[in-house]
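Understanding the architecture of this molecule
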Amino acid sequence: MIKKTFLVTAPLYYVNSSPHLGHLYSSLFADFLARYKKMQGYQVFFVMGADQNGQKILNASQDANIGVKKFVDKNTTKFKELWKLANIGYTHFVETSSFNHAHFVQLMFQKLKDDQQLDYKNYVGLYCVHCENFHPQTSNTKCPLCKREMKKFLEENYFLKFNLNAQKQIQKLILQWQKKEKTFTNQLKDFFAQRSSKDFSITRKNSPWGIMVDYDQNQFAYVWFDALLGYISVLNPQEQTLIWKNSKTEIIQIIGKEIMKFHLIYWPTMLMRLDYRLPNDFLVHGWILKNQTKMSKTTGNTISPVKIINKFDADVVRLYLCSIMNSDSDVTFNTRDFYKFYESFVVDNLSNFHFRIITMCKKYLPDIQKQKIEDSQSLTNFMDEFIEEYHQFWVTKSFTKIFKQIDTLLNNGNQMINHEEPWKMHKQKKYNELTMTMLKLLNILKIVADLLNPIAPSISKRIYASLNCRIIHSNFYKTNVKLQQLSDLEKITYLYEKEK
Ligand SMILES: [Zn+2]
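Let me begin by describing the structure that accompanies this report. (Residues numbered from 1 in each chain as written. Predicted model: local features only at pLDDT ≥ 70, side-chain atom pairs only at ≥ 80, totals over all residues.)

1. Quick word on the overall build of the chain
Scanning the chain from terminus to terminus reveals 19 helices and 15 strands. Burial statistics for the chain: of 500 residues in total, 39% are counted as buried. Across the chain, the fraction of contacts at a sequence separation of at least 24, relative to all contacts at a separation of at least 6, is 74%. (Helix = DSSP H or I, 4+ residues; strand = E, 2+ residues; numbered from the N terminus. Buried ≥ 20, exposed ≤ 12 C-beta atoms within 10 Å, placed from the backbone. Contact = placed C-beta atoms within 7 Å.)

This is the structure we're talking about:
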């Protein structure tokens, strides 16, 4: 059977400084989806990378007094270290200052020229170097987004033709996406009304830290034109065809709301002009705030994900972000809430549930293993609907609900222990009843590990290990733990303990 194919992309981050929690937040949307789809049996491609070109990067390297190539390499390494630490399992990582990427971008310029999709004309207007963005309609010289002083530009550039037909197609697409992403896509409404010329410039003159257009060596790729193509260039030719020329592949792109214009207007236009297919969906998410403002290098209110991961671990941070993750609004990261989450969910609910079950099992094993259970499958039938709901939340990408589902299951499990009191059954030598209860609890624990798998893969693995089971096929939700496999329960340890 041919495997179904899935591509998820995280944004290619600007590597003008070290990564902060906002970068991790965005990448986790993609990582969760990639892991979930893999568990569903898909062949998964997960593209992310580093946006290394452009004036802003050049300026930052000059400020830091380092050669620009060295500067981007150094920062890209920091990002890659974070991805490793946070267990972000990308399959492809694009670096836009690489030879391969530049070559691909040049091929695309050539194709657009051959297909007569380019116009060479004057650009006049204001340009914000910080945002790498034109603001043709503002009379104010301050950037409407970041409030920095903008530069006046007057130069000849290549423009990608954006005729009426293309505009209509894009507007139709935006309407479709708008239905789901109401909060953010409203911002795009004015895009078409505001601009007198809808064509957009895809080159800059004399922008030396960029990709040269090989038929016009005064012109360099506009950083967005170049970066967006990274989603394709990083794949080998067979993969490019399998994914970007094949409507059967499912493509989902994760983006922050601030880069929506580029992804929802420019990118689909580029794809259509270059004879590639469009993605099935965009997941536009809000920002992660600290003290009500966006985390960014310039405001200085960043939180280092490396520090908190080193203090707790990757899975704890992944779980916490999943519990607050929202694609409809901004979310707030608050250290106090994070600690509270650690104590109440991680220690009291999850770790405790695991410890209680394994301890009891070990203690009662000699008495319960001899019992005959006819139909252990029926023990977890009551869970079917619950698991079905969990899968539905993945379809709608409702991450807080996915988390809630796991939390509820743990609560119910802990309550079940308190209510059924297995220790009393043991004392009263009701071994058959005890066996049924223990099997039920063991299987709830296994399902907890199943549901946790895409979010907290290491915790999931540790639970499987203590149950002596491992994932062998995609239908593992239906696989039950049997008492026979528990003959050599290892020494029990808490998954997590309260902070000392
Ligand atoms: Zn700006």
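2. Quick notes on the environment of Gly 210
If you trace the backbone, Gly 210 turns up in the loop between β8 (203-205) and β9 (212-213). When the C-alpha positions of Gly 210 and Phe 220 are compared, they lie 5.8 Å apart, and in sequence the two are 10 residues distant. Beyond its immediate chain neighbours, meaning those up to four positions away, Gly 210 contacts Asn 53, Gly 54, Arg 204, Phe 220, Ala 221, Val 223 and Asp 226.

3. Digging into helix α3 (residues 68-85)
Between the first and last C-alpha of α3 there are 26 Å, a value that for 18 residues agrees with the 26 Å anticipated at 1.5 Å per step. Among the residues making up α3, those that are buried are Phe 71, Val 72, Asn 75, Thr 76, Phe 79 and Leu 82. All buried residues of α3 lie within an arc of 120° about the axis, which places them on one face of the element. Exposed and facing more than 90 degrees away from the buried side of α3 are Lys 69, Lys 70, Thr 77 and Lys 84. Buried residues belonging to α3 abut β1 (5-14), α1 (21-39), β2 (43-51), α2 (55-63), β3 (92-95) and α12 (305-311). Positive backbone phi, at 65°, marks Asn 87, one or two positions downstream of α3. (Expected span 1.5 Å × (residues − 1). Arc of directions from axis to C-beta.)

4. Quick word on the sheet that holds strand β7 (residues 200-201)
The sheet built from 4 strands is open, its strands ordered β5-β4-β6-β7 with antiparallel pairing. In this open sheet, the two edge strands, each paired with only one partner strand, are β5 (133-134) and β7. The pairing of strand β4 (residues 118-128) with strand β6 (residues 151-160) spans 10 bridges and is classified as antiparallel. Its bridge partner being in β6, Lys 121 is matched across the sheet by Asn 157. (Pairing = 2+ DSSP bridges.)

5. Brief notes about unusual backbone geometry
One non-glycine residue, Asn 87, lies in the positive phi region at around 65°. Residue position: Asn 87 is located in the loop between α3 and β3. Looking at Asn 87, the number of C-beta atoms within 10 Å reads 18, which means it is partly exposed. Unusually for a residue other than glycine, Lys 147 sits at a positive phi of about 70°. Residue placement: Lys 147 occurs in the loop between β5 and β6. C-beta crowding within 10 Å serves as the criterion here: with 11 such atoms nearby, Lys 147 is assigned to the exposed category.

6. With respect to helix α16 (residues 399-420)
The periodicity of an α-helix, 3.6 residues per turn, causes residues three or four places apart in sequence to face the same way. Spanning 22 residues, α16 covers 32 Å between terminal C-alpha atoms, matching the ideal 32 Å at 1.5 Å per step. The complete set of buried residues in α16 reads Phe 399, Ile 402, Phe 403, Ile 406, Leu 409, Leu 410 and Gly 413. The arc enclosing the buried residues of α16, seen along the axis, measures out at 120°, which places them on a common side. Exposed and oriented more than 90 degrees from the buried face of α16 are Thr 408, Gln 415, Asn 418 and His 419.

7. Quick word on the pairing of strand β10 (residues 216-221)
Strand direction decides the pairing type here: β8 and β10, joined by 3 bridges, are antiparallel. In the strand pairing of β10, Thr 203 is matched with Ala 221. In the sheet, β9 pairs with β10 via 2 bridges, with the strands oriented antiparallel. Within β10, the position partnered with Val 213 by the bridge is Asp 216. Connecting β9 to the next strand, β10, in antiparallel fashion are 2 residues.

8. Digging into the sheet that holds strand β15 (residues 331-332)
Note on sheets: strands pair through backbone hydrogen bonds, and any given pair is parallel or antiparallel. Strand order across the open sheet formed by 3 strands is β14-β13-β15, with mixed pairing between neighbours. Pairing within the sheet leaves two strands with one partner each, and these edge strands are β14 (293-294) and β15. Bridge count between strand β13 (residues 288-290) and β15: 2 bridges; the pairing is parallel. Its bridge partner being in β15, Ile 288 is matched across the sheet by Val 331.

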